[in-house]
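# Close look at the chain arrangement
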Amino acid sequence: MLTAKNKQGDLVQLVHCSDEEMEMHREQQFFCPVCGQEVQLKAGHIRIPHFAHRSLCSFAGSVDNESEEHLALKEMFIDWCESYKISYQVEAYLPDLKQRPDLLIGNIAIEVQCSSLGLGKIMKRTRTYLANGYIPLWICGEHFWHKQEMGENIKAFTLFSKTLGFYFWAADWRQKTLMLYYHLEENLKGQVYYGRKVWPFCSIPLNQLFHNQHELKLHHTRSYDLKTELLNSYRYLAKKLLIKDKKVLSFQECCYKNHQHLLQLHPWFYYEVSQRFVYTHSSFYLLCSLWQFLKEQQGERIQFEVISQFCQQLIIREKLLYTFPAISADCIACWLINQLVESLIVFRILARRAGETFVIKLPDDQFASLNQSNPFKSLDFPQAIITSTPLKI
Ligand SMILES: [Zn+2]
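Residues numbered from 1 in each chain as written. Predicted model: local features only at pLDDT ≥ 70, side-chain atom pairs only at ≥ 80, totals over all residues.

## So, the packing of helix H9 (residues 284-295) against helix H10 (residues 304-317)
Here is the rule we go by: Interaxial angles span 0 to 180 degrees and are taken between N-to-C directions of axes, which are lines fitted to C-alpha atoms, for helices over the stretch in contact. A run of H or I in DSSP counts as a helix once it spans at least four residues, and a run of E counts as a strand once it spans at least two, with each numbered from the N terminus. Left-handed describes a crossing whose near helix is turned anticlockwise from the far helix through less than a right angle; right-handed describes the clockwise counterpart. Contact between two residues is assigned whenever their backbone-derived C-beta positions fall within 7 Å.
Between H9 and H10, whose axes approach to 11 Å, the crossing angle comes to 145°. In this structure, H9 crosses over H10, and the sense of that crossing is right-handed. Where H9 approaches H10, its residues Leu-286, Ser-289, Leu-290 and Phe-293 are matched on the opposing element by Phe-310, Cys-311 and Leu-314.

## Brief notes about the domain arrangement of the protein chain
The criterion, for reference: Where each domain starts and ends comes from a domain assignment, either automatic or drawn from a database. Here the term charged refers only to Asp, Glu, Lys and Arg, the term nonpolar to Ala, Val, Leu, Ile, Met, Phe, Trp, Tyr, Cys and Pro, and the term polar to all other amino acids, Gly among them.
Examined at the domain level, the protein chain breaks down into domain 1 (3-219) and domain 2 (224-389). Taken together, the contact pairs 23 residues of domain 1 with 16 residues of domain 2. At the level of secondary structure, the elements contributing two or more residues to the side of domain 1 that touches domain 2 comprise helix H3 (119-131), helix H5 (152-157), strand E10 (159-161) and strand E12 (177-186). Here the residues of the side of domain 1 that touches domain 2 sort into 11 nonpolar, seven polar and five charged.

## Points about the sheet that holds strand E16 (residues 350-352)
What counts is decided by this rule: Two strands make a pair as long as DSSP finds a minimum of two bridges between them.
In spatial order, the strands read E15-E17-E16; together these three strands make up an open sheet with antiparallel pairing. A single partner strand is all that each edge strand has here, and the edge strands are strand E15 (301-303) and E16. Pairwise comparison of adjacent strand axes, ignoring direction, gives a mean angle of 40° for this sheet. In terms of strand pairing, E15 meets strand E17 (residues 357-360) through three bridges, oriented antiparallel. Bridging from a neighbouring strand, Gln-303 pairs with Thr-357 of E17.

## Describing unusual backbone geometry
Applicable threshold: The burial label depends on the number of other C-beta atoms within 10 Å of a residue's C-beta. Counts of 20 or more mean buried, 12 or fewer mean exposed, and intermediate counts mean partly exposed, with C-beta atoms placed from the backbone.
For Lys-244, which is not glycine, the phi dihedral falls at a positive 55°. Topologically, Lys-244 is positioned in the loop between helix H7 (226-242) and helix H8 (246-257). Note on Lys-244: 9 C-beta atoms within 10 Å, which makes it exposed. With phi around 55°, Arg-348 is a residue other than glycine that occupies positive phi space. By the secondary structure assignment, Arg-348 is in the loop between helix H11 (329-346) and E16.

## Quick word on the pairing of strand E13 (residues 192-200)
With eight bridges joining them, E12 and E13 adopt antiparallel strand pairing. When the bridges of E13 are listed, Glu-185 appears paired with Tyr-193. The turn linking E12 back onto E13 is made up of five residues, and Gly-190 within it adopts a positive phi angle of 95°.

## Describing the environment of Ala-92
Tracing the backbone through its elements, the reader meets Ala-92 in the loop between strand E6 (89-90) and strand E7 (103-105). Looking at Ala-92, the number of C-beta atoms within 10 Å reads 16, which means it is partly exposed. Spatially, the C-alpha atoms of Ala-92 and Asp-102 are 7.3 Å apart, while their sequence positions differ by 10 residues. Non-local contacts of Ala-92, meaning those with residues more than four positions away in its chain, are made with Arg-100, Pro-101 and Leu-104.

## What to know about the nonpolar core
Spelled out, the test is: By convention in this section, buried Ala, Val, Leu, Ile, Met, Phe, Trp, Tyr and Cys residues joined through C-beta atoms within 7 Å make up a nonpolar core.
In terms of nonpolar packing, the biggest core is built from 51 residues, with Ile-139, Cys-140, Tyr-167 and Phe-168 touching the most fellow members. Residues in contact with Ile-139, not counting those within four places in the same chain, are Leu-73, Ile-110, Val-112, Gln-113, Trp-169, Ala-170 and Ala-171. The next biggest cluster of nonpolar side chains, apart from the first, holds 38 residues, and it includes Leu-226, Phe-251, Leu-265 and Trp-335.

## Brief notes about the environment of Leu-104
The residue Leu-104 is located in strand E7 in this model. In this structure the C-alpha to C-alpha distance between Leu-104 and Tyr-93, which are 11 residues apart in sequence, comes to 9.8 Å. Setting aside its immediate chain neighbours within four residues, Leu-104 contacts Tyr-88, Gln-89, Ala-92 and Ala-109.

## A look at the sheet that holds strand E4 (residues 38-42)
In space, the five strands of this open sheet follow the order E2-E1-E3-E4-E5, with antiparallel pairing throughout. At either end of the open sheet lies a strand with only one pairing partner, and these are strand E2 (11-13) and strand E5 (50-53). Bridge count between strand E1 (residues 3-6) and E2: three bridges; the pairing is antiparallel. Across the sheet, Lys-5 pairs through a bridge with Leu-11, a residue of E2.

## Regarding the packing of H10 against H11
How two helices sit against one another is set out by the angle between their axes and by the gap between those axes. Rules: Every angle not falling under 35 degrees, over 145, or within 65 to 115 is termed oblique; those three ranges are roughly parallel, roughly antiparallel and roughly perpendicular.
For the pair H10 and H11, the least separation of the axes is 10 Å and the interaxial angle reads 125°. As judged from the angle between their axes, H10 and H11 are oblique. Crossing of H10 against H11: the hand is right-handed. Residues Phe-304, Ile-307, Ser-308, Cys-311, Gln-312 and Ile-315 of H10 lie in contact with H11, whose contacting residues are Ala-333, Ile-337, Leu-340 and Val-341. Split by residue class, the contact of H10 with H11 holds eight nonpolar, two polar and no charged.

Encoded structure:
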């Protein structure tokens, strides 16, 4: 940690200490501002000067044992605040919450996260901040953003806004940059796609950036070749089914219950460009059920609201969607249902009539037959699917 109390009870901060000040500090005794235990000043030549407990801090959310990356990022954020004269508190202990954010800027609680923290802990901290009027802002260290997958931890830090889609913040202490990964999408195979905006540290006022994050407009579009995507998903499922992959077998089970085969579904089922990471388990359960529901009303008119309610009930009853600590469940369900309806329109299963009324045009026959090398070759659908932020919904 970068702060401790001296014998007089004054808070001492190690960032920007002159050599003389540091020499003075070496003579003094320091204490943890939270648990009161004596802490040691560690100011050698290799690591960033910091305080460390001699034994374990009795405070559960201890900031002890911080990595060099963590200390460096904290220092860089302090520099950033100071260069714009933004008032901040380092490692301020919030007694009501029993939490200690790395940096507090107004009601924004910045938590720099460089190592894996249990999902339960992230959830608890995030919710406690929110319940007490703070805006938690997790900044992921390189451990997280180097990975090309949406791990559980990244999901826990993920935020959502209509202008950015799903997004999270990260920082690169080597390049001294703050990064926003936004418009996150994940396909059936688990590949993650995203847009990325990079700000060098100290390049713009930090408080404005964080306060207005929901309004940031970083126009971003991604174009997918539909047939390629469908074929990739289809081949992935076929391969996994062959080796009896547990996850894919569970998809197959969903299909069986509806008297369908995983590899003989309508192409719409293989369209998984952007939605994968919001599901707790197979999306096929929702897709099969929705298909069945539409089938019962073949040729009739249906309101968006009716489709939405059907999906909502299923999502809640079967706990189909992941709980993101900082995004409301309603918001995710609403986003997903819009995506689903959008995809039904792309595949001409729903044809828009007036306003939010659609006609259901479900094809009667099953689509693909097993062992076809390219079942989507002759499809008459749009070539490219474009997803974009800000979202159209
Ligand atoms: Zn302590």
